[in-house]
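# What the coordinates show
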Amino acid sequence: MPDRNGAPNSNPNKAERPPLLKKSKTISDKTPHFPGPLFPAVRRVSSTPPSSSESHTSTSTNDPNFGFGDRDYVYPSFLGPHTARTRVNIKSASKSKLPANLRVESKIKPKAKLKPEKDLTALSIQVSNPALSGLTSANSSNARRPSSGHTYSWILFLLKFVCTLSVSHTLYLRNEVSKLQEENISLRRVCSHVDLASAGIMEFEEVSSLVYFGNADSRTIALYMVVFILVIPFVLYKYLDYLPRIIDLLKRKYTTKEEVPLKKRIAYMVDVCFSVYPYAKLLALLFATLFLIGYGGLALYAVGDGSFTEAIWLSWSFVADSGNHADMVGAGPRIVSVLISSGGMLIFAMMLGLVSDAISEKVDSLRKGKSEVIESNHILVLGWSDKLGSLLKQLAIANKSIGGGVVVVLAERDKEEMEMDIAKLEFDFMGTSVICRSGSPLILADLKKVSVSKARAIIVLASDENADQSDARALRVVLSLTGVREGLRGHVVVEMSDLYNEPLVKLVGGELIETVVAHDVIGRLMIQCALQPGLAQIWEDILGFENAEFYIKRWPQLDGAPFENILVSFPEAIPCGVKVAADGGNIIINPDDRYVLKEGDEILVIAEDDDTYAPGLLPEVNKGLFPRITDPPKYPERILFCGWRRDIDDMIMVLEALLAPGSELWMFNEVPEKDRERKLTDGGLDISGLENIKLVHHVGNAVIRRHLEGLPLETFDSILILADESVEDSIVHSDSRSLATLLLIRDIQSKRLPNKDSRSIPLRHSVFSQSSWIREMQQASDRSIIISEILDSRTRNLVSVSRISDYVLSNELVSMALAMVAEDKQINRVLEELFAEEGNELCIKPAEFYLYDQEELCFYDIMRRGRQRQEIVIGYRIAAAERAVINPAGKSKQRKWSLDDVFVVISSGD
C-alpha cells in the first residue's frame, strides 16, 4: 500500500496499524494516545470470502488470519465497506479547501502542543487517495465553491477579530482588578494597628472600592454595547443583501436563481406598511423616541458617573427639551448629551410634521366632503343640476313649520364649489341645514357615507346633458340604491327626461320609485296654459310650498259624513278628493257629493300647511239662484309650435284630445320634414290617425326674422315657444333663443295688425268678453296668446316686466313637483291625473258661470254653486289683482263679485 506521499510501501510484510485519527494539534505532551478509529466500531459478519483487495488489507492487522468481514472496526455505512474508497486525513481548515463529504481516513499525530492564547481551529476533511489525483479541473470545481468562501471569509475574520479583542480586553481588565485587590490586601496588613473604628472605615472604603470597580466593569460593557449598536446598522445596510446567501450556505442549499435584494424587499414592505396602515408613522415615531431615550441613557451611563436610572431620566429630559444639556460637565457627557438633544430636535420636527399632516388631511377631508354624514330622517339629493336651487328653496319652506330639517346633497363636484353655488342663492333656509358631500351616487361606499338607508326621501336629479344620457344615469343610480344592503327607509323620487324611459326605471326600482317626467309635465302644462291663459301662475302657487298645496290626512270624526258636507267643513282648507282605503289607497279627485266617508278613508285638501287646518262646524250655505250657463262649444283653433322637443309627439296627442275637429297645428323648426315624420312615428304617434288636428310643416330658424315673416303670425290663436332640443344642454342659450323669438314675433304682429281687418274677439274667447285679464294677455294682437318656455328664473323677470307674453318656468315647476312628491309620494298620483288629457283638470272659469254682476256672496256659496257643475272651486282672481288667490281665508265672509273676476276650479273635464 502506498505511503502518504504516494510511493509504494517498502516493506509489504510489515504489519500495518489500523487507521488512526489525525489531529492538527494536541492539548499537551501528556495527552493519552488514542489508537481507536474515528467512528464507533461496528461488528460485521461477512458470509462472502474475502477478495484480493480485502486480503491485502488484512495484512494491516497482527493476525494473519484476519479478514475484512471479521474486523472489529469498519467505517459507517455511508462511507462503504470497500477498500477502493478513498481515505481521508483530518487537517486544519487553513490547509484544506475540499468539501468534507467524502470517505475519511485519519491519523493522529501525538504529542502536539496547543498554544494557550489561540483557539482551536475548525476541522475539515481532505481526500488523500492518489487515485483521485487524476481528476480534471472541471470535476474539482464541481466539488467545491471557492467563490462563496472568498466572499464571506473576511466577514468571519472581522467577527473573530471583534470577539478576540473583546475577550482580550476583558482579560486585561480582570488582571488589573486582581492587582488592585492584592494592593488593597497589602495596605490592610500595613494598617492593622488602627482601632476598630478606623478598621470599620477601611472596610467601608474596601466595599466602596469594590462597588466602584463593579461599576467600572458595567460601564465598560455599556460602552461596548453602545459602540456595537452604533456599528450594527451600518454593517447591516452595507451587507444586508448577502444575508440570504449566508443562510443558504449554512443550510448547504445552493440556489442559482436571481432574487430581489433584501434591502429592496424591506423598503417595499415599509412603504406598504406606511401606506396601508394610517398609524404606522405614529408608531414608528414612538419607537424611535423610545429607542433614542434608551440608547442615549445607555451612552450617558457609559461615559458618566451616575446610575443607569438617572441616565435614562437625563436622556428623556434632553429629548423633551434640547436646552437641558447645557449643564453637563465633561467631554464625554457633553458629546453624548448634544447628540441626544439633536436626535430629540429631529424627533420633535418629525412629530410636528406628522401632526401637521394629520390636521391638514382632516381639514382637506372635511373641505372635500369625504367625511361621513351621521343623520337620520333627512332628505337626500343625488346629483347636481340647475333645478337644485329651486328644490332646496321649496324643501326649506316645507320644513319651516317643524323648525327646519336636514338636506344632504351628494354630487360629483367639489364640496367648496357646491357650497359657494348654494350661498349665491341668497335665500333664507329658515333653519334647514344643507350638507354637501363629494362623491358618486353610483358607488355604494359614497351612498353609505351620506346615510342613504336612514333618509326619509331620496331625490335623483336629472343631469345637465341630453335626455337619453340623463335617463341612463338615473337608471344606474336606481340600481345602486337597490343594492344597499341595509335597505331604504324612504321612497325614491326620480326626475326623468323622456316619458318612454319611465317604465324601465319603475321596473327596476319597484314600489319605492316615484317618477316625475320633466318634459312631459312641462309640455302638458304649456298646452293647458295656451288654451287657458294665466294657468301657469296658478300652478306655481299650488306646486310651491309658499302658498297652498296638497295634503292628505285622515280625520276619524268625519267618518259617515257625505262629501257635500265635508266640502264646507274646513275653514282653512278646501277638500278636493278622498283616498279610499277599501280600494287599495286609490285617490278619487272631485268625488260625487253623495259619497260617504268610510273608516280608514283619508281626505285630500289644499291648505297652507299640514298643521294649519282642521274640521269645524258646518256653516250656513245659501245656494240661491245663479245663471245656468253651460260651457261654450269648442271651436277649431290654429296653434303654432316654434322649436322641437323630444316629447312633441306626446304634446300632439294631448292637443288631439283637447281641440275641436278642424284645428291646425303649425310646426316651425329646423328639423327636415322627412325626419319629423320619422321621429313622430318612432315616438308612437299615428299621423294618419289624427282626426281633430292637421299638421302643417315649415322649416326655418325661429331667431331669424325673414324666416318668421314667412308665417301668418297674426292668424294664430296660440303660439308656443319651446326650448329647442338642439340647445337643451345650455339653459342660457335656450332662454336667449326663446326671448329673441318672442320679441321678433311680437314685433312682426304689431306691424301687420293695422293692415288686417280682424275680429276683435276670437270665437273661443267669447265667454271671456268681460275679462280684463284675458284682454291683457292679448294686448299685442288681440288674437294670439304666446307661451314661452323659460328655464332660468332670471329670464322670467325680463318676460314678466315686458308683459308681452305668458311663460312657463319649467325648471322651477319641476323642482316644486319633485319637492312635493318627496314630502308625500301620494301627491304624485294627484299631479299625474291633473296633468293628463283625460279626467279631472285645473281650469279657469269666468264669474258669469256662478253669479250675477255685483252679487253679494261668500266663498262657501260659490263652492256650493260650483258643485252643481261638478266642479270644486279652489280660488279666484279679482279683475284688478295681479295674482290669483288659492284657498282664500274668510270663506264665510260676504263680498260683492264682478263679472270681470275669474274662478279657479277642478273640473271633471266632461
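Residues numbered from 1 in each chain as written. Predicted model: local features only at pLDDT ≥ 70, side-chain atom pairs only at ≥ 80, totals over all residues. Heavy atoms only, no water.

## Remarks on the packing of helix α15 (residues 518-531) against helix α24 (residues 810-823)
Defined as follows: To define axes, lines are fitted to C-alpha atoms, for helices over the stretch in contact only, and angles between the resulting N-to-C directions are given on a 0 to 180 degree scale. A run of H or I in DSSP becomes a helix once it reaches four residues, and a run of E becomes a strand once it reaches two; helices and strands are each numbered from the N terminus. Handedness of each helix crossing follows the sense of rotation of the near helix against the far helix: counterclockwise by less than a right angle gives left-handed, clockwise gives right-handed. Every residue pair with non-hydrogen atoms within 4.5 Å of one another is taken to be in contact. When residues are grouped by polarity, Ala, Val, Leu, Ile, Met, Phe, Trp, Tyr, Cys and Pro land in nonpolar, Asp, Glu, Lys and Arg in charged, and all others, Gly among them, in polar.
Running from amino to carboxyl end, α15 crosses α24 at an angle of 115 degrees, the nearest separation of the two axes being 10 Å. By crossing handedness, the relation of α15 to α24 is classed as right-handed. For the pair α15 and α24, the contacting residues are Ala518, Ile522 and Leu525 in the first and Ser810, Leu813 and Val814 in the second. A class-by-class count of the residues in the contact of α15 with α24 yields 5 nonpolar, 1 polar and no charged.

## Here we look at helix α14 (residues 502-509)
Stated formally: Type-normalised accessible area, obtained with a 1.4 Å probe on protein chains alone, sets the label of each residue: buried when under 20%, exposed when over 50%, and partly exposed for intermediate values. Working note: the arc is built from the helix axis to C-beta atom directions.
Among all positions of α14, only Glu502, Val505 and Gly509 are buried. Angular distribution of buried residues about the axis of α14 spans 65 degrees; they occupy a single face of the element. Among the exposed residues of α14, those oriented more than 90 degrees off its buried face are Pro503 and Leu507. Elements that come into contact with the buried residues of α14 comprise α13 (467-482), β7 (491-496) and β8 (513-517).

## Here's the deal with the packing of aromatic side chains
For the record, the criterion: Stacked, tilted and edge-to-face pairs are distinguished by plane angle, under 30 degrees for stacked and over 60 for edge-to-face with tilted covering the rest, among Phe, Tyr and Trp rings (Trp via its six-membered ring) whose centres lie within 6.5 Å. We call a charge positioned over a ring when the NZ of a Lys or the CZ of an Arg lies within 6 Å of the ring centre and within 35 degrees of the ring normal.
Going through the model one piece at a time under the given rule, you end up with 14 aromatic pairs. Taken together, a centroid distance of 4.5 Å and an interplanar angle of 25 degrees make the contact between tryptophan 539 and phenylalanine 835 stacked. Placement of tryptophan 539 in helix α16 (residues 535-543) and of phenylalanine 835 in helix α25 (residues 827-835) is noted, with a sequence separation of 296 residues between them. There is no split in this pair, since tryptophan 539 and phenylalanine 835 are both buried. Geometrically, the ring pair formed by phenylalanine 859 and tyrosine 876 is tilted, given 6.0 Å between the ring centres and 50 degrees between the ring planes. Note that phenylalanine 859 is positioned in helix α26 (residues 859-867) and tyrosine 876 in strand β21 (residues 871-877), a separation of 17 residues in sequence. Residue classification places phenylalanine 859 among the buried positions, given a relative accessible area of 3%. Taking relative accessible area as the criterion, tyrosine 876 reaches 12% and is therefore assigned buried. It is arginine 413 that lies over the ring of tryptophan 384; its NZ or CZ is 4.6 Å from the centre. When the ring centre of tryptophan 897 is taken as origin, the NZ or CZ atom of arginine 895, which lies over that ring, is 4.6 Å away.

## Points about the packing of helix α8 (residues 308-320) against helix α9 (residues 331-367)
To keep things clear, this is the line we draw: By the definition adopted for this analysis, an angle is roughly parallel if under 35 degrees, roughly antiparallel if over 145, roughly perpendicular if from 65 to 115, and oblique otherwise.
One can describe the packing of α8 onto α9 by two numbers: an axis separation of 7 Å at closest approach and a directional angle of 50 degrees. When the interaxial angle is binned, α8 and α9 end up oblique. Between α8 and α9 lies a crossing whose hand is right-handed. On α9, the residues that touch Ser315, Phe318 and Val319 of α8 are Ser337, Ile340, Ser341 and Gly344. Considered class by class, the residues forming the contact of α8 with α9 number 3 nonpolar, 4 polar and no charged.

## Some details on the pairing of strand β6 (residues 457-460)
Operational definition: Should DSSP find at least two bridges between two strands, the strands are regarded as paired. Handedness of a crossover is defined as follows: orient the strands so they point away from the viewer, and if the path from the first strand over the helix to the second runs clockwise, the crossover is right-handed.
Neither face of β6 is exposed, since Ala457 and Ile459 on one face and Ile458 and Val460 on the opposite face are all buried. Where strand β3 (residues 379-382) meets β6, 4 bridges bridge the pair, whose relative direction is parallel. Paired with isoleucine 379 across the bridge in β6 is alanine 457. Two elements, β6 and β7, share 4 bridges in a ladder whose sense is parallel. Across the sheet, residue valine 460 finds its bridge partner in β7, namely valine 494. One crossover worth recording links β6 to the parallel β7 by way of α13, and it is right-handed.

## Description of the side chain of serine 451
Within the secondary structure, serine 451 sits in the loop between α12 (444-449) and β6. Assessed through its relative accessible area of 8%, serine 451 is described here as buried. Apart from the residues lying within four places of it in its own chain, the contact partners of serine 451 are Val373, Ile374, Glu375 and His378.

## Focus on the pairing of strand β5 (residues 433-438)
The sheet contact formed by strand β4 (residues 406-411) and β5 spans 6 bridges and is parallel. Residue pairing across strands places leucine 410 opposite arginine 437, the latter belonging to β5. Between β4 and its parallel partner β5, the chain crosses via helix α11 (residues 415-423), and the hand of that crossover is right-handed.

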